[in-house]
Amino acid sequence: MKLITILFLTLGVTAPSVIFSQNGNRISLQAGLFHSFFDGSAVINPIPTNPTKRIKNFKILSNLLQGILNDSRGINYQRKINEKSAISIEYMTLNAGYDFRQVVNNNTVNPVIAGRNLKYVNLSYSRIIQLSEKFDFLFGGGFNYLWGYERLYHYTSNGGWGEPKFYGYYRNDIGINARTGIEYTPIKRITLFTNFDFLGIAYLGAEDVDGNNASDFYKVKFDLKNIPSRYDLSWRFGIGFNFGK
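Residues numbered from 1 in each chain as written. Predicted model: local features only at pLDDT ≥ 70, side-chain atom pairs only at ≥ 80, totals over all residues. Heavy atoms only, no water.

Looking at the nonpolar core
Thought 1: With 22 residues, the main nonpolar core has Y120, L152, Y169, Y218 and I227 as its most contacted residues.
Thought 2: For this core, the elements supplying multiple residues, two or more each, are β3 (85-97), β4 (112-130), β5 (135-158), β6 (161-187), β7 (190-203) and α5 (214-222).
Thought 3: Residues contacting I227, with those up to four places away along its chain left out, are D39, I113, L152, Y169, A214, S215 and Y218. (Core = buried A, V, L, I, M, F, W, Y, C linked by side-chain atoms within 4.5 Å. Buried < 20%, exposed > 50% of the residue type's maximum accessible area, 1.4 Å probe, protein only. Helix = DSSP H or I, 4+ residues; strand = E, 2+ residues; numbered from the N terminus. Contact = heavy atoms within 4.5 Å.)

Some remarks on the confidence of the model for the protein
Thought 1: The share of residues in the protein with pLDDT of 70 or more is 75%, and the mean pLDDT across the chain is 83.
Thought 2: Model confidence for the protein, summarised as mean pLDDT per element, is weakest for helix α2 (residues 51-56) at 45 and strongest for β7 at 97.
Thought 3: Long-range and interchain partners of residues 11-22, a stretch whose pLDDT sits below 50, account for 12 contacts in this model, where long-range means more than four residues apart. (pLDDT = per-residue confidence, 0-100.)

A word on the pattern of salt bridges
Thought 1: Using the criterion set out here, one finds 11 salt bridges in the structure.
Thought 2: K80 is the salt-bridge partner of E83, the closest N and O atoms lying 3.9 Å from each other.
Thought 3: With relative accessibility at 64%, the residue E83 sits in the exposed group.
Thought 4: Among the salt bridges present, the one from R116 reaches E150, with a minimum N-O distance of 2.9 Å. Of this pair, R116 sits in strand β4 while E150 sits in strand β5, and the two are 34 residues apart along the sequence. (Salt bridge = Lys/Arg side-chain N within 4 Å of Asp/Glu carboxyl O.)

Focus: α5
Thought 1: For α5, the set of buried residues is A214, S215, Y218 and F222. The buried side chains of α5 occupy one side of the element, clustering within an arc of 105 degrees when seen end-on.
Thought 2: A side-chain oxygen of the first residue of α5 lies 3.1 Å from the backbone nitrogen of S215; this N-cap is N213.
Thought 3: Count one or two residues on from α5 and you reach D223, which has phi positive near 60 degrees. (Arc of directions from axis to C-beta. Polar contact = N/O pair within 3.5 Å; in protein donor to acceptor, adjacent residues only side chain to side chain.)

Now the structure itself:
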């Protein structure tokens, strides 16, 4: 949390000079409609046959299309350094509850992800290539701080009897990301964009309630090598509001 405080204090100190600078500024609302963590969790949940039943089964109500998408939401502030470069800071939150039937009916040896509640802060640098008067291609990367909670479901078979168990751990991780995308500016004040963002965790600080290192715990107990996941590939869409001189 100290890192987040420092980032926002820095932004607050520099905001006045940014707003009245000659460079372009943008505030964007965005959503990561698709997330792949490479850990077996679903990118898209099955179409619900009974949405009311899905709600009773504790499906996250905020997800789009009645829970089919496990989407993230967030806000991004970007400042152009010059015509070919920009820096940005963003905050994203992901509240994903995976399909209840798939999780509970998964009577397998290994645990499966049942849900995750994650938050991200990102600082990025981007290079801008103008494709036409209204289209730009961007690529770049940055640093990420990720925190939150993840829950796993495990079904243990013992002499013909089954015992469902839930495990959980808190994430407190630092990573780097690479990003590439397209921007479309139909009018001066509005920009529509889409991009792919790949996050890799460099420092995995996830721990359970007992203080055990989550990565070591699941590797030893279940021989799982990507729980907690060190990767997140997302496909994002957003709208930006441009201001400044």
